[in-house]
Amino acid sequence: MSVGTEIKREAEENVEQPEAKKKRISNDDLFRRSTQFEIWSYTQESLDKTKRAANAAGAKIATQKFNETFETIEKEQPEVFQTHNETLNKDKLLTLLSFEEEAKYLNYYTQNIIPIAKFFKMPTQVKLTAVSFFRKFYLSNSVMQYHPKNIMYTSVFLAAKSENYFISIDSFIKALKDTEAKDILDLEFIILQSLQFTLLVHHAFRPLYGFFLDFQAVLLHPSPLMYDVSVNTLGSLYDKAKTWLNDNVVLSEVAFLFTPPQIALAAMYEVDKRITDRYLKRKFLKEHHELDAIKEEDSGVKKEDSEVIEKIESTESVENGEDKKDGENETANEHKEKSTVESQREQYETLVRTIRKCIKIAKQVQTSSREEVKEIDRKCFYALNPKRLIEKQVKKVTKEATTS
Amino acid sequence: MATTSTTTAKTVPDSIVQNKYSKDRKVGEGTYAVVYLGNQVSTKRRIAIKEIKTGIFKDGLDMSAIREVKYLQELKHPNVIELVDVFSTTNNLNLVLEFLPCDLEVLIKDTSIVFKSSDIKSWLLMTLRGIHHCHRNFILHRDLKPNNLLLAPDGQLKIADFGLARSLGNPNEDLSSNVVTRWYRSPELLFGARHYTGAVDIWSIGIIFAELMLRTPYLPGKDDVDQLDVTFRALGTPTEQIWPNVSSLPMYNALRVYPPPSRQELRNRFSAATEKALDLLISMTQLDPSRRCDSTQALLHEFFTENPRPTEPENLPKKKEKVKSEDELDESNKRRKI
Ligand SMILES: Nc1ncnc2c1ncn2[C@@H]1O[C@H](COP(=O)(O)OP(=O)(O)OP(=O)(O)O)[C@@H](O)[C@H]1O
Ligand SMILES: [Mg+2]
């Protein structure tokens, strides 16, 4: 080994100490150490399970509260409850939200974050983080415990602070109806706890920008690969992909299921399948020689190139990996070592499958009619306020009794 | 990682906290937090508990507290202060941090301690490794100064105080130029730049490097205007030639024009520095941020591979009395237990 390379090796150790002997740390490795990956990544099944558990726990709490309230009121006027036993009866009165109703209700409130963010002229980042906070809160809580309205406002307020877009509480509440400073400030800490004190949210916009640059590098240089693709074409692809992220991803749950680069690629694929596919093929299937070169000489521009490749390799999605924490690193290494045509094809195909799945889920946003939401809203109110529900019923039956 | 089991919004009663961590005595008070010394009961490990005051600010949770929690949760590195745990007691947010009994400012000021050039190299290297980890996670520290470089009992240097940190990333996003303690503030910040990069942290580290060699602050401006003068007297006034478009920055004024220092002038000022040390210093204190080296380039600099090798952390100078008083404290603790 020449002196020059020896020094370089030592210097590289400086960079990566104390993991000196390991391979370079890629963006992908860094993402795997983020709380977003460690705490907030789910498979579709585990996400459903978590939400069902939150709904069930909420129902249990609401039921308990209902029972206690019912018994208190019953004790005050036992004769009324005896006479109207078929209406004033626990099973009949108990009002809870089903899992599906709660999901619809939460979607409705998630959508409401968008106009609020717009009203305050908040950057996209704040809006996305607010949505993330709101959704995460209801992975461990239920609307039958915390009404979503103020949780939504507080998520926006906290997200604004976390994303460095400070709004004073006074100017914030000035714009809201029937909400006081205390309503929000009291919830801020509760939300922070439900977030398990993790506030940093990685969104797909930064990787999207990275891909926009890399598309140019791969598809336009040294000479254009596709006769009808220019900087302008890619610019418009990038803009449309941003719009798609804004319209679809914000409202869906893909952020819990896929990594930000996967979501970014999904956006580009959905906007222009032909160009994106060409890019992916070029990256995976036509670069055997270049990939070998990257492995051997880890220098300059090529290094960056390999980083982009690692970024894509991260596609072994959060979704596919059952045992993500151990499994994934191996997968990444494996990918690097096997540079055979077959394994590259495999990677490419896995990636496209992942992207398609992401698009599909992103498009499955369920919207509900106003009437439906109104009905859920009414139920939620009674689940949270059983006293109002029972008293209303008592009034009703006694009134009927006197008039008839 | 927050190891608290708070998946639901419940508050841990104080008694449980006291079972898990002991709070021994108050060691300091910042603008938004009180810091206590304590132990993690299960491991006997010494820790610092930073109790963040909540409910006293008109606008809820303090921004500095939010930033500190946000970034420390993500950054796990031997040269970044470790956030051991986060828990809440009634109305308080508690950050459990590794215990770091000393900081670089204390050592620099203690004239009874001699710094060898290998010691300086070691501290600089650890600072750069820590900031490299921040930057590759797209996080800017924005308040690097000797007082925020804390020292562990085993000599490891840890970057602390992320109250001003923020994510870097969205192209075209406006950033505040009112960051970084004045003496360590880069020229682009002094000129009020709204777009900047990790180069602001590299500048601060360059100035800290100089301070380690000089044993006195390198660019101690008396106020913001004086800071410009002090900075450019030492390093030359930036012109359009050496820094294209500098004159379009908001606070750029036709300043007194100082010539850039000659190599010989720098040699005279930093008489103990090797040529490679000077090269690195010059590279980190380039006036034009785009010409300044980044953390990778700094770490790959030949200064770190030339002799002498950086001192092993455990052999670095320590604050003498401070170490003693800690021992005494341990002694008295033992005695109390017996
Ligand atoms: N991890 C730690 N180990 C030991 N002592 C610490 C630790 N962190 C903080 N301290 C002590 O507590 C004091 C207060 O720290 P804190 O970070 O709250 O405020 P600060 O940085 O000194 O001031 P400001 O809030 O104005 O930035 C510090 O000066 C230091 O003496
Ligand atoms: Mg400080």
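Residues numbered from 1 in each chain as written. Chains lettered and ligands numbered in written order. Predicted model: local features only at pLDDT ≥ 70, side-chain atom pairs only at ≥ 80, totals over all residues. Heavy atoms only, no water.

A. Up close: the overall build of chain A. When its secondary structure is counted, chain A shows 22 helices and zero strands. Out of the 404 residues belonging to chain A, those deemed buried represent 52%. If you take every contact in chain A between residues at least 6 apart in sequence, the share linking residues at least 24 apart comes to 80%. (Helix = DSSP H or I, 4+ residues; strand = E, 2+ residues; numbered from the N terminus. Buried < 20%, exposed > 50% of the residue type's maximum accessible area, 1.4 Å probe, protein only. Contact = heavy atoms within 4.5 Å.)

B. Inspection of the site of ligand 1 at higher detail. Residue and element names in this part refer to chain B. Taken together, Gly28, Gly30, Thr31, Val35, Ala48, Lys50, Ile81, Glu98, Phe99, Leu100 and Asp161 form the complete shell of residues around ligand 1. A distance of 3.0 Å is found between a nitrogen atom of ligand 1 and a backbone nitrogen or oxygen belonging to Leu100. In this structure, Asp161 approaches ligand 1 through a side-chain N or O atom, which is 3.1 Å from an oxygen atom. Against a free-state accessible area of 610 Å², the protein chains account for coverage of 68% of ligand 1. (Near = heavy atom within 4 Å. Polar contact = N/O pair within 3.5 Å; in protein donor to acceptor, adjacent residues only side chain to side chain. Areas by Shrake-Rupley, 256 points an atom, 1.4 Å probe, with all protein chains shown as cover.)

C. Main features of the sheet that holds strand S8 (residues 149–151) of chain B. Residues and elements named next belong to chain B. Read across the sheet, three strands follow the order S6-S8-S9 without closing on themselves; strand pairing throughout is antiparallel. With one partner strand each, in any of the chains shown, strand S6 (102–103) and strand S9 (157–159) form the two edges of the open sheet. Seen against the sheet, helix H4 (residues 117–136) touches S8 and S9 and runs at an angle of roughly 35° to S9. (Pairing = 2+ DSSP bridges. Axes fitted to C-alpha atoms, helices over the stretch in contact; angles between N-to-C directions.)

D. Here's a closer look at the domain arrangement of chain B. Residue and element names in this part refer to chain B. Segmentation of chain B into domains returns domain 1 (14–99) and domain 2 (102–315). A C-alpha centroid distance of 29 Å is found between domain 1 and domain 2. Taken together, the contact between domain 1 and domain 2 spans 15 residues of the former and 21 residues of the latter. Each partner contributes to the roughly 1500 Å² buried at the junction of domain 1 and domain 2, and carbon and sulfur atoms together form 59% of this total. (Domains from an automatic or database assignment. Buried area = accessible area lost by both parts, 1.4 Å probe.)

E. Just the UniProt feature "binding site: ATP" (unreviewed entry) in chain B, in detail. Residue and element names in this part refer to chain B. Those residues carrying the UniProt feature "binding site: ATP" (unreviewed entry) are Val27, Gly28, Glu29, Gly30, Thr31, Tyr32, Ala33, Val34, Val35 and Lys50 in this numbering. Spatial clustering of the annotated residues is evident: they stretch over 24 residues in sequence, but the largest pairwise C-alpha distance comes to 14.3 Å. Structurally, the position occupied by Gly30 is in the loop between strand S1 (21–29) and strand S2 (33–40). For Gly30, a relative accessible area of 42% translates into the label partly exposed. The topology assignment puts Ala33 in strand S2. (UniProt positions renumbered as here; feature names shortened; annotations may be inferred.)

F. Main features of the UniProt feature "domain: Cyclin-like" (unreviewed entry) in chain A. Here the UniProt feature "domain: Cyclin-like" (unreviewed entry) sits at residues 111–193 of chain A. From the first C-alpha to the last, residues 111–193 of chain A spans 23 Å; its make-up is 72% helix and 0% strand.

G. Representation of helix H16 (residues 273–284) of chain A. All names here are of chain A. For H16, which comprises 12 residues, the first-to-last C-alpha distance of 16 Å matches the rise-based estimate of 16 Å (1.5 Å per residue) to within 8%. Every buried residue belonging to H16 is among Ile275, Thr276, Asp277, Tyr279, Leu280, Lys283 and Phe284, and all of these are buried. Taking the backbone nitrogen of Arg274 as reference, a side-chain oxygen 3.1 Å away marks Asp272 as the first, capping residue of H16. (Expected span 1.5 Å × (residues − 1).)

H. The arrangement of the sheet that holds strand S3 (residues 45–53) of chain B in detail. All names here are of chain B. Strand order in this open sheet of five strands is S1-S2-S3-S5-S4, and the pairing throughout is antiparallel. Two strands lie at the open edges of the sheet, namely S1 and strand S4 (83–89), each paired on one side alone. Here the average twist between neighbouring strands, direction ignored, is 25°. Pairing geometry for S3 and strand S5 (residues 92–98), over seven bridges, is antiparallel. Note that in S5 the partner of Ile52 across the bridge is Leu93.

I. Fine view of the environment of Lys396 of chain A. All names here are of chain A. If you trace the backbone, Lys396 turns up in helix H22 (residues 386–403). The exposure class of Lys396 is partly exposed, given its relative accessible area of 44%. When the C-alpha atoms of Lys396 and Cys380 are compared, they prove to be 20 Å apart, with 16 residues separating the residues in sequence.

J. Just the coordination of the magnesium ion (ligand 2), in detail. Residues and elements named next belong to chain B. Coordination of the magnesium ion (ligand 2) by the protein involves Asn148 (OD1) and Asp161 (OD), with metal-donor separations of 2.2 to 2.7 Å. Note that Asn148 is positioned in the loop between strand S7 (139–140) and S8 and Asp161 in the loop between S9 and strand S10 (166–167), a separation of 13 residues in sequence. Assessed through its relative accessible area of 28%, Asp161 is described here as partly exposed. (Donors = N, O, S within 2.8 Å, 3.2 Å for Na, K, Ca; no water.)

K. Up close: the side chain of Thr198 of chain A. Positionally, Thr198 of chain A belongs in the loop between helix H11 (181–194) and helix H12 (205–220). Looking at Thr198 of chain A, the relative accessible area reads 2%, which means it is buried.

L. Quick peek at the packing of aromatic side chains. Residue and element names in this part refer to chain A. Scanning the entire structure with this criterion turns up 26 aromatic pairs over all chains. Ring geometry for Phe70 versus Phe81: centroids 5.2 Å apart, planes at 85°, classification edge-to-face. Of the two residues, Phe70 is situated in helix H4 (residues 44–76) and Phe81 in helix H5 (residues 78–83); the sequence distance between them amounts to 11 residues. Plain terms: the ring middles of Tyr105 and Tyr109 are 5.2 Å apart, the flat faces sit at 90° to each other, and that makes the pair edge-to-face. (Phe/Tyr/Trp six-rings, centres within 6.5 Å; stacked < 30°, edge-to-face > 60°.)

M. A look at the domain arrangement of chain A. Residue and element names in this part refer to chain A. Assigned domains within chain A: domain 1 (40–202 + 369–399) and domain 2 (205–363). Listed per partner, the contact involves 19 residues of domain 1 and 14 residues of domain 2. Across the domain 1 to domain 2 interface the summed buried area is about 1500 Å²; carbon plus sulfur atoms make up 61%. On the domain 1 side of the contact with domain 2, Ser41, Gln44 and Arg135 bury the most area, a combined 29% of that side's loss. Our count for the domain 1 to domain 2 interface comes out at two salt bridges. With its nearest N and O atoms 3.7 Å apart, the salt bridge here joins Glu253 to Arg135. There are four residue pairs in polar contact (both at pLDDT 80 or more) connecting domain 1 and domain 2. (Salt bridge = Lys/Arg side-chain N within 4 Å of Asp/Glu carboxyl O.)

N. Up close: the confidence of the model for chain A. Residue and element names in this part refer to chain A. Here chain A shows a mean pLDDT of 82. Residues at 70 or above account for 80%. Confidence drops under pLDDT 50 across residues 1–12; counting only partners more than four residues distant or on other chains, this segment forms 10 contacts. This model gives residues 16–22 a pLDDT under 50, and the stretch forms eight contacts once residues within four places in sequence are excluded. (pLDDT = per-residue confidence, 0-100.)

O. Seen up close, helix H7 (residues 224–235) of chain B. Residues and elements named next belong to chain B. Under the 1.5 Å per step criterion, the end-to-end length of H7 is 17 Å for 12 residues, consistent within 8% with the ideal 16 Å. Where H7 is buried, its residues touch helix H5 (187–190) and helix H6 (199–214). Its side-chain oxygen placed 3.0 Å from the backbone nitrogen of Val225, Asp223 serves as the N-cap of H7. Directly beyond the C-terminal end of H7, a positive phi value near 90° is found at Gly236.

P. Layout of the pattern of salt bridges. Summed over the entire model, instances satisfying the criterion amount to 37 salt bridges over all chains. For Asp228 of chain A, the salt bridge identified is with Arg274 of chain A, shortest N-O distance 2.8 Å. Residue Asp228 of chain A is found in the loop between H12 and helix H13 (231–249), and its partner Arg274 of chain A is found in helix H16; the two are separated by 46 residues along the sequence. By relative accessible area, which is 46% here, Arg274 of chain A ends up partly exposed. Across the salt bridge formed by Glu188 of chain B and Arg292 of chain B, the nearest N and O atoms sit 2.8 Å from each other. In this pair, Glu188 of chain B sits in helix H5 while Arg292 of chain B sits in the loop between helix H9 (275–284) and helix H10 (295–299), placing the two residues 104 residues apart along the sequence. Taken individually, Glu188 of chain B and Arg292 of chain B each receive the classification buried, so the pair is uniform in this respect. In this structure, a network of salt bridges that share partners links the residues Arg263, Arg267, Glu275 and Asp279 of chain B.

Q. Highlighting the environment of Asp110 of chain B. If you trace the backbone, Asp110 of chain B turns up in the loop between helix H3 (104–109) and H4. When the C-alpha atoms of Asp110 of chain B and Asn268 of chain B are compared, they prove to be 24 Å apart, with 158 residues separating the residues in sequence.

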